There are 2 protein chains.
Amino acid sequence: MDSTGRRSDRRASEGRPLSVAVVGATGAVGEVLLDVLAEREFPLRELRLLASGRSAGTYLSYGGRQLRVLEARPEAFEGADLVFFAATGDLSHTLAPEAVARGAVVIDKSSSWRMSPAVPLVVPEVNPEALDAHSGIVACPNCTTIGVVMALAPLQRTAGLERVVATTLQAVSGAGRDGIEELEAQRSARAGEAPAPSTFAAPIHDNVVPLCDALDDDGHAAEEIKLVHETRKILDLASLPISVTCVRVPVAVGHSTSLLVSTTRPLDPAAAREALAAFPGVEVVDESRGDVVPTPADVVGRDTVVVGRVRSDTGGQGLALFQVANNLRKGAATNAVQIAETLIERGLLTR
Amino acid sequence: MDSTGRRSDRRASEGRPLSVAVVGATGAVGEVLLDVLAEREFPLRELRLLASGRSAGTYLSYGGRQLRVLEARPEAFEGADLVFFAATGDLSHTLAPEAVARGAVVIDKSSSWRMSPAVPLVVPEVNPEALDAHSGIVACPNCTTIGVVMALAPLQRTAGLERVVATTLQAVSGAGRDGIEELEAQRSARAGEAPAPSTFAAPIHDNVVPLCDALDDDGHAAEEIKLVHETRKILDLASLPISVTCVRVPVAVGHSTSLLVSTTRPLDPAAAREALAAFPGVEVVDESRGDVVPTPADVVGRDTVVVGRVRSDTGGQGLALFQVANNLRKGAATNAVQIAETLIERGLLTR
């Protein structure tokens, strides 16, 4: 299935089939990762589904077969070529080196390794060459970061980046199954009977919550700091000024970002639209054809990053735009599988 | 009732009771306006409820009495001291001069008169002195603008304003009853059976829509342009650079704004919090006491503008903060009634 109408023709299937393990297979991202592996016909010789002890023992289906979920322990990585971590940072921190020690390449969706200098942080359309220097672990950026850099990279290449201001509107699935279930429980509760918030700092149904992850002593949320540092690393702009506020919204799937971008060289909206539309994996909504705007609903089940509302900023600071991406697919699972495909293409997965 | 814990002690009841008309009494703002007049014990001698021909003939209750809604026609303003317009721009454009011609002062919630040089555009805590020059019509700002200027004014007074970047997250009730009903209908519909969007450009349930009102030829939404021009007029900063993106979110009541504020003189977060907390009608959430953040749910039924997430911007441009206000109360009805109270106090309502 080509859900985006734009996916690259590159297929991993040219290579030999691989032994692949998925840690966190029972989570929100893990589930989508299995879907994406199947959709993209990833060349599997063997698929091991792993999870924390709590979830081990359950069964998941893949390609019509029921697979038992095993506990993620170091020995489970013996003989694996490739291990996807779609689990908590703790699990990845402990177990990723164990997988690498056993000869596997790890593609990690947690935040554990992203800022390590020896670990490439990769969005394949943006910085695939970073993979060449990997030493066993490759990090997949935060779901919000991926959508943002997919919109920034074409502008960077065309006109250089001077400054970025971002306000994100993030779906509850960015907080995993717990986030989805918390919204659902509040939506279906009778007035006054909704369970107290636990995943989010306040009720999320019929509300927005300007806090993603915990605050540091300076009042910045962890998600905001991630977006700043990861964007700088991926775009190789170590001191790019990035102003960011992250807000959780009552949407199941699809992260949005309101962006204000100051470029080094002048860039008018028409040229920006052209650069964006020419970038692989990006689709531009042209609202001059009617009041059509990008929304999270447009990326449900899709990998394409959709950008619209491209215009000159009313404050004279450059370009304003609005970007949406599916946080579970391009923001997580699809990007991780694309990393694997790119490793194969570049001959970087040999044991 | 003092729903905010902060409302001014000023009461209009010191003056003589007035003959008051409300145009648009059956709308979302009109309904709240009647509540606010009653809560604040506005000194009424007579209350005339008016609406377009479509809604005339229905009954609304006020102070335990059932009042018949009459058609808003020029003759209906005979003998009125004060007329609130909480109706469409068209109705206000046509009828406000008729009310003024009959000796009434008009407080208009529509956008018809806001940018007319002869019409004061007033948030009573911010620029009450602008009322002194009125010549019959006083404009109440857009619901989004009111919350934003309530947060900006204390920073302006303390450190001057250099530049503002705003992304709004606006409740559906900002689009009136139609907006509320559209969200409700989509929420209660079975999967795949939701009625097509009409008030908003895309489904609003489980989605966000980065379009409030129509787009102009340059790709700016009318709501965005309003926020720029109205903020400049109220703060008396004709060329303040304001970058703005307005987004509709699936929230019934309460507009939020993510703000980035560059001040003329240095202003640290502690001093900003102090200035904000000292401003009448503003409450500051101090998240250093735990992960507590301002959300729309905090302003349901309240007039206070709540500000939090006050911090130094990660991009080095100044202060970041997050502001929420009840768009139907302080953003509309309460601000209109406060304008009336201020007119009385300043002796500006004499016929």
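As a starting point, this report considers the structure included with it. (Residues numbered from 1 in each chain as written. Chains lettered and ligands numbered in written order. Predicted model: local features only at pLDDT ≥ 70, side-chain atom pairs only at ≥ 80, totals over all residues. Heavy atoms only, no water.)

Quick notes on the packing of aromatic side chains
How two aromatic rings sit relative to each other is given by the distance of their centres and the angle of their planes. Residues and elements named next belong to chain A. By the definition in use, this model includes two aromatic pairs over all chains. Relative to F85, the ring of F77 lies with its centre 5.9 Å away and its plane at 45 degrees, an arrangement referred to as tilted. Summarising the burial analysis for this pair, F77 and F85 share the class buried. (Phe/Tyr/Trp six-rings, centres within 6.5 Å; stacked < 30°, edge-to-face > 60°. Buried < 20%, exposed > 50% of the residue type's maximum accessible area, 1.4 Å probe, protein only.)

Quick word on the sheet that holds strand β12 (residues 282-284) of chain B
Residues and elements named next belong to chain B. Across the sheet, six strands lie side by side as β10-β9-β11-β14-β13-β12; this open sheet has mixed pairing. Both edges of this open sheet fall to β10 (242-248) and β12, since each of them pairs with a single strand only. Each neighbouring strand pair of the sheet contributes to a mean axis angle of 20 degrees, computed without reference to strand direction. Relative to strand β14 (residues 319-325), strand β11 (residues 255-263) is paired through seven bridges, and the arrangement is antiparallel. In the strand pairing of β14, S258 is matched with F322. The strands touched by helix α6 (residues 269-277) within the sheet are β12, β13 (305-312) and β14, with β13 carrying the most contacts at an inclination of about 170 degrees. (Pairing = 2+ DSSP bridges. Helix = DSSP H or I, 4+ residues; strand = E, 2+ residues; numbered from the N terminus. Axes fitted to C-alpha atoms, helices over the stretch in contact; angles between N-to-C directions. Contact = heavy atoms within 4.5 Å.)

Remarks on the pattern of salt bridges
One pass over the full model with this rule turns up 38 salt bridges over all chains. Between E78 of chain A and R102 of chain A there is a salt bridge whose closest N-O contact spans 3.1 Å. In this pair, E78 of chain A is assigned in the loop between β5 (70-71) and β6 (82-85) and R102 of chain A in the loop between α2 (89-101) and β7 (105-108), connecting sequence segments 24 residues apart. Residue R177 of chain B is joined to E31 of chain B by a salt bridge in which the shortest nitrogen-to-oxygen separation is 2.9 Å. One end of the pair, R177 of chain B, is in helix α4 (residues 176-188); the other, E31 of chain B, is in helix α1 (residues 28-39), and 146 residues separate them in sequence. Of the residues examined, E31 of chain B reaches a relative accessible area of 41% and is grouped as partly exposed. Salt bridges here are not isolated pairs; linked through shared partners, they connect R16, R45 and D81 of chain A. (Salt bridge = Lys/Arg side-chain N within 4 Å of Asp/Glu carboxyl O.)

Observations concerning the environment of A336 of chain B
Residues and elements named next belong to chain B. Take A336: it is sitting in helix α7 (residues 329-345). The spatial distance from the C-alpha of A336 to the C-alpha of S243 is 27 Å, given a sequence separation of 93 residues. With sequence-adjacent residues up to four places away left out, A336 is seen in contact with L33, F84, I107 and C140.

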